[in-house]
Amino acid sequence: MPVPIIVASGNGAPGLPVGIRILARGGSALDAVEACAKVIEADPTDTSVGRGGRPNVLGEVELDASIVDGTTHRTGAVAALQGYLHPISVARAVMERGPHVMLVGEGAARFAKEIGASKAQNLTAATRKLWVERLRAAGETPASIRRRSKLLPIVLNTVREHFGTVNFLALDRKGHLASAVTTSGWAYKYPGRVGDSPIVGAGNYCDTRYGAAACTGYGELAIRNLSAKTAVDRLAAGMRADEVAHSTIADANALEDAAFNVVVLTTKGEHASATNREGRQYAWMTTEMKEAATAPRALVPRGPR
Ligand code: ASP
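Note that this is a predicted model, so its numbers are computed, not measured.

Participant: Explain the overall build of the chain residue by residue, including any values.
Facilitator: In terms of regular secondary structure, the chain is built from ten helices and 13 strands. For the chain, whose C-alpha radius of gyration is 18 Å, the value lies close to the compact-globule estimate of 19 Å for 305 residues. Its C-alpha atoms give the chain principal-axis dimensions of roughly 60 × 50 × 35 Å. Counting all 305 residues of the chain, 56% fall into the buried class.

This is how it looks when you write it as structure tokens:
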């Protein structure tokens, strides 16, 4: 039996001990990834996830999340959800309590209310300030932006580099895999923009038979490449985790020059990560470790075209 492990994006490290405690007492990978994600969602200092995540161009925090059970292939996702503290738990409820796999916008919020999910004011004073500064750089104010009939010029001019998300891939004592991704998405995005995080197969995928993968960075690339599913397919075809991570970034690099990162976990607990930007970390923890470890992601630069 493999040693239970959870692998995450670098900003997921503070969530790992909670999930590892679940795995150490024989709990499921699914429970572990949800618990880890909730820690980061509730942390207002992470400006890319949950409460304290950066808003869209209108100052509304729209959250995306998905969860995948690698054994049953049940999945649940929410996108552009406003006003709730734990989008990952709403995503899990979509998976477990209804007949659908994905709910968006007002429908997702309605569902969250119906199941009694915890509400939250996700725009904090700190992220409101960041938003106002960003608007100021574009010659706008909160009042002026709300009057604009055209948001596209502002979105095109101001927001390209702001990303961030947290993801968790877990392997439990029974050998089951699960994965969770949660994010406030592309900061100052167009209202209603949905990234890769809630798109199963793009930003998040796992299959207990082969492995798991999740992406961060410019989500549009993960959607265009179906990056997470492709990564798991490559594991299924026998590629090593580090080769899979490398090839996932190479695929993104082939499309555009934009920040892109991936984490990969095999059914044996081997893990790897790659990126096309300097200085990016990923994190992991096993039930045999006292604290989370972090390491640089392997760099796969785009290179001259
Ligand atoms: N992938 C996320 C998105 O596109 C953002 C990120 O991971 O940085 O919404």
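Participant: Let's hear about the pairing of strand β11 (residues 281-286): which residues, and what values?
Facilitator: Looking down a regular strand, the side chains alternate between one sheet face and the other. Within β11, five of the six residues are buried, which leaves it mostly tucked inside the rest of the structure. Bridge count for strand β1 (residues 5-9) against β11 is five bridges, and the pairing is antiparallel. The residue bridging A8 from the neighbouring strand is A283, located in β11. Remark: six residues form the turn of the hairpin made by β11 and strand β12 (residues 293-296), two consecutive strands paired antiparallel.

Participant: Hey, could you go over the sheet that holds strand β8 (residues 211-217) for me, with residue numbers and the actual values?
Facilitator: Strand order in the open sheet formed by five strands is β7-β8-β9-β10-β13, and the pairing between neighbours is mixed. Looking at which strands have only one partner, the edges of the open sheet turn out to be β7 (204-207) and β13 (298-299). Sheet analysis places β7 next to β8, joined by four bridges and oriented antiparallel. The partner of Y205 across the bridge, within β8, is A213. Together, β7, β8 and β9 (260-266) form the strand contacts of helix α9 (residues 227-236), whose direction differs from that of β8 by roughly 145°.

Participant: So what about the pattern of salt bridges? Which residues, and what values?
Facilitator: Think of it this way: side chains of opposite charge can pair up when their charged atoms draw near. Scanning the model with the defined rule gives 15 salt bridges in all. A salt bridge links R92 to D31; its shortest N-O distance comes to 2.7 Å. Note that R92 is positioned in helix α3 (residues 87-97) and D31 in helix α2 (residues 29-41), a separation of 61 residues in sequence. Ionic pairing is found between D233 and K229, a salt bridge with its closest N-O pair at 2.7 Å. With D233 and K229 both in helix α9, this residue pair falls four residues apart, about one helical turn. Taken together, the salt bridges that share partners define one network made up of D31, E34, D69, R74, R92 and E96.

About the cut-offs
Throughout this document, residue positions are counted from 1 along each chain, in the order its sequence is written. Owing to the predicted nature of the model, reporting of local features is limited to residues with pLDDT of at least 70; listing and counting of side-chain atom pairs is limited to 80 or more, with chain, interface and lining totals taken over all residues. The basis for every side-chain value is the complete set of non-hydrogen atoms in the structure, without hydrogens or water. Every helix listed is a DSSP run of H or I at least four residues long, and every strand listed is a run of E at least two residues long, numbered separately from the N terminus. Put simply, the radius of gyration uses C-alpha atoms, and a globule should come to 2.2 Å times the residue count raised to 0.38. For the exposure calls, accessible area comes from a 1.4 Å probe over protein chains only, and a residue counts as buried if that area is under 20% of its type's maximum, exposed if over 50%, partly exposed in between. Any two strands with at least two DSSP-identified bridges between them are counted as paired. Two residues qualify as a contact provided that any one of their heavy atoms is within 4.5 Å of a heavy atom in the partner residue. Inter-axis angles, ranging from 0 to 180 degrees, are taken between N-to-C directions of lines fitted to C-alpha atoms, where helices are fitted over the stretch in contact. Any Lys or Arg side-chain nitrogen located within 4 Å of an Asp or Glu carboxyl oxygen qualifies as a salt bridge.

It is worth stressing that arrangement in space is one thing and function is another; only the former is reported here.
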